[in-house]
Amino acid sequence: MLTIDSLSAGYGALTILQGVSMRVEAGEAVAVVGPNGAGKTTLVRALCGLIPATGGRLAKDGTDLGATPATQRPARGLAVVLEGRHLFGELTVRENLVLAERHGLGTRKDHRRFSLDEVMALFPILDERRRQRVQLLSGGQQQMVAIGRALLLQPDLLIMDEPSTGLAPKVFKDIQVVFDTLRSRRVGLLLIEQNVRIAAAATERAYVMAMGRVIDELHGVDWQQAVGSDRLARAYLGGHSEARSTPIPERRAVA
Ligand SMILES: Nc1ncnc2c1ncn2[C@@H]1O[C@H](COP(=O)(O)OP(=O)(O)OP(=O)(O)O)[C@@H](O)[C@H]1O
Ligand SMILES: [Mg+2]
């Protein structure tokens, strides 16, 4: 359903992603993990069309996305919860959600899986605060609005960039309910998450990124028991040979 084939992308002359390939099948939950600066958010930006691909191919359900602008990717079933959330702060919770619902109804009539009432039921605090302006909510509550809005776009693949960041463990439990709901409705998930424990609980397999490349792929038991594994530690510490284009010189003692 989502095919990323040798994707390159970056910022101006700076290439960050170098030949990234991944696949997410229909209804599958897949994680992307890796250290700070690995290129995870850059990948999300390229997937949702905020930055152009400079090489390779992106396809959804067999259709090339290269020529699809960011505003039209939700109509192809791709919704994203970005780092920083990007909500309309001046509008209320309900207004933010209704805007997404209308967009979803306009572009994804035949794929409708989530209603406004269901989203409110998923996050009861949003129902209580529905008349409050979003900019007055806490970070965790804004994150719930961002997720609710993404669901109302009626995706068949939801991409989430670090949804656990800054959230209290209790709030994160609410998001885990979302993961379960996605699974039961066969909505695919591409979860960018540095916390391997959280990522492994929510997904079936994972790509490990470092230095703008995919350096490993973990399935089954290897992935479920990845917390603390040497394989992953090497990626996080930058010791993977393929991940480095320029070797770091060894430290020498200063005489
Ligand atoms: N707008 C930008 N302009 C130029 N370079 C950028 C920009 N955004 C990110 N970068 C660079 O791209 C590289 C990858 O950053 P990216 O944000 O994709 O990493 P990440 O894996 O999401 O990291 P984190 O775990 O910290 O969120 C970094 O070296 C970063 O400095
Ligand atoms: Mg990031």
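Draft legend 1. Broad picture of the pairing of strand S10 (residues 213-219). Taken together, the 6 bridges between strand S9 (residues 205-210) and S10 define a ladder with antiparallel strand orientation. Pairing of Val208 across the sheet is with Asp216, part of S10. In sequence, S9 turns back onto S10 through a hairpin of 2 residues, with Met211 there showing a positive phi of about 50°.

Draft legend 2. Region of interest: helix H5 (residues 139-152). Here H5 spans 20 Å end to end across 14 residues, near enough to the 20 Å set by a 1.5 Å rise per residue. Among the 14 residues that make up H5, 13 are buried, leaving the element largely enclosed by the rest of the structure. Downstream of H5 by a residue or two, Gln154 has a phi angle that is positive, lying close to 55°.

Draft legend 3. Spotlight on unusual backbone geometry. Residue Ser6 is not a glycine yet carries a positive backbone phi of 50°. Position of Ser6 relative to the elements: it lies in strand S1 (residues 2-11). In this structure, Asp61 is a non-glycine residue whose phi angle is positive, near 50°. Assignment of secondary structure puts Asp61 in the loop between strand S4 (53-60) and strand S5 (63-64).

Draft legend 4. View of the site of ligand 1. The full set close to ligand 1 counts 15 residues, and Gly37, Lys40, Thr41, Thr42 and Gln194 are the nearest of them. A distance of 3.1 Å is found between an oxygen atom of ligand 1 and a backbone nitrogen or oxygen belonging to Ala38. At a separation of 2.8 Å, an oxygen atom of ligand 1 approaches a polar side-chain atom of Gln194. Those elements that place two or more of their residues in the shell around ligand 1 are strand S2 (14-24) and helix H1 (40-48). Sort the elements by how many residues they give to the shell around ligand 1 and H1 lands first, with 4 residues.

Draft legend 5. Structural detail: the sheet that holds S10. Taken together, 6 strands build an open sheet; the order of strands is S6-S7-S8-S3-S9-S10 and the sheet is mixed. Taken across any chain shown, the strands that pair with only one partner, and hence form the sheet edges, are strand S6 (78-81) and S10. Sheet twist, expressed as the average angle between the axes of neighbouring strands with direction ignored, equals 20°.

Draft legend 6. Region of interest: the layout of surface pockets. Approximately 570 Å³ is the volume attributed to the largest pocket. What lines the largest pocket is a set of 24 residues, and nearest its centre among them are Ala70, Pro74, Val80, Arg149 and Leu153. Classifying every residue of the lining of the largest pocket by side-chain character gives 17 nonpolar, 4 polar and 3 charged.

Draft legend 7. Region of the structure containing the confidence of the model for the chain. Scored by pLDDT, the chain has a mean of 88; 93% of the residues are at 70 or more. Under a pLDDT of 50 for its full length, residues 240-255 has, in the predicted model, 10 contacts with residues more than four places off or in other chains.

Draft legend 8. Examining empty space enclosed by the protein more closely. Across all of its chains, the model carries 1 cavity of 30 Å³ or more by this definition. By volume, the largest cavity is sized at about 60 Å³. Considering the residues around the largest cavity, the lining is formed by Gly27, Glu28, Ala29, Phe179, Leu182, Arg183, Val187, Gly188, Leu189, Ala202 and Glu204. Listing elements by their share of the lining of the largest cavity, those giving two or more residues are helix H6 (169-184) and strand S8 (188-192). Broken down by element, the residue count for the lining of the largest cavity peaks at 3 residues, all from H6. Tallied by class, residues from the lining of the largest cavity come to 6 nonpolar, 2 polar and 3 charged.

Draft legend 9. A look at the pattern of salt bridges. By the definition in use, this model includes 14 salt bridges. Across the salt bridge formed by Glu118 and Arg185, the nearest N and O atoms sit 2.9 Å from each other. Placement of Glu118 in helix H3 (residues 116-122) and of Arg185 in the loop between H6 and S8 is noted, with a sequence separation of 67 residues between them. Glu118 gets classed as partly exposed once you look at its relative accessible area, which sits at 29%. The exposure class assigned to Arg185 is partly exposed, which follows from its relative accessible area of 28%. Glu217 is the salt-bridge partner of Arg205, the closest N and O atoms lying 3.3 Å from each other. One end of the pair, Arg205, is in strand S9; the other, Glu217, is in strand S10, with 12 residues separating them in the sequence. Overall, the relative accessible area of 9% leaves Arg205 in the buried class.

Draft legend 10. Representation of the pairing of S1. Inspection of the sheet shows S1 paired to S2 by 8 bridges, in the antiparallel sense. Considered in S2, the bridge of Gly10 is made with Thr15. Turn length for the S1-S2 hairpin, with the two strands adjacent in sequence and antiparallel, is 2 residues, and the turn residue Gly12 shows positive phi of about 60°. As paired strands, S1 and S4 are joined by 6 bridges and run antiparallel to one another. Paired with Leu2 across the bridge in S4 is Lys60.

What counts, and where the lines are drawn
- Residues numbered from 1 in each chain as written.
- Chains lettered and ligands numbered in written order.
- Predicted model: local features only at pLDDT ≥ 70, side-chain atom pairs only at ≥ 80, totals over all residues.
- Heavy atoms only, no water.
- Pairing = 2+ DSSP bridges.
- Helix = DSSP H or I, 4+ residues; strand = E, 2+ residues; numbered from the N terminus.
- Expected span 1.5 Å × (residues − 1).
- Buried < 20%, exposed > 50% of the residue type's maximum accessible area, 1.4 Å probe, protein only.
- Near = heavy atom within 4 Å.
- Polar contact = N/O pair within 3.5 Å; in protein donor to acceptor, adjacent residues only side chain to side chain.
- Axes fitted to C-alpha atoms, helices over the stretch in contact; angles between N-to-C directions.
- 1 Å grid on protein atoms, 1.4 Å probe; cavity = no way out; pocket = protein on both sides within 12 Å on 5 of 7 lines; lining within 4 Å.
- Points joined across faces, edges and corners; volume = space filled by probe spheres on them.
- Nonpolar A, V, L, I, M, F, W, Y, C, P; charged D, E, K, R; others polar.
- pLDDT = per-residue confidence, 0-100.
- Contact = heavy atoms within 4.5 Å.
- Salt bridge = Lys/Arg side-chain N within 4 Å of Asp/Glu carboxyl O.

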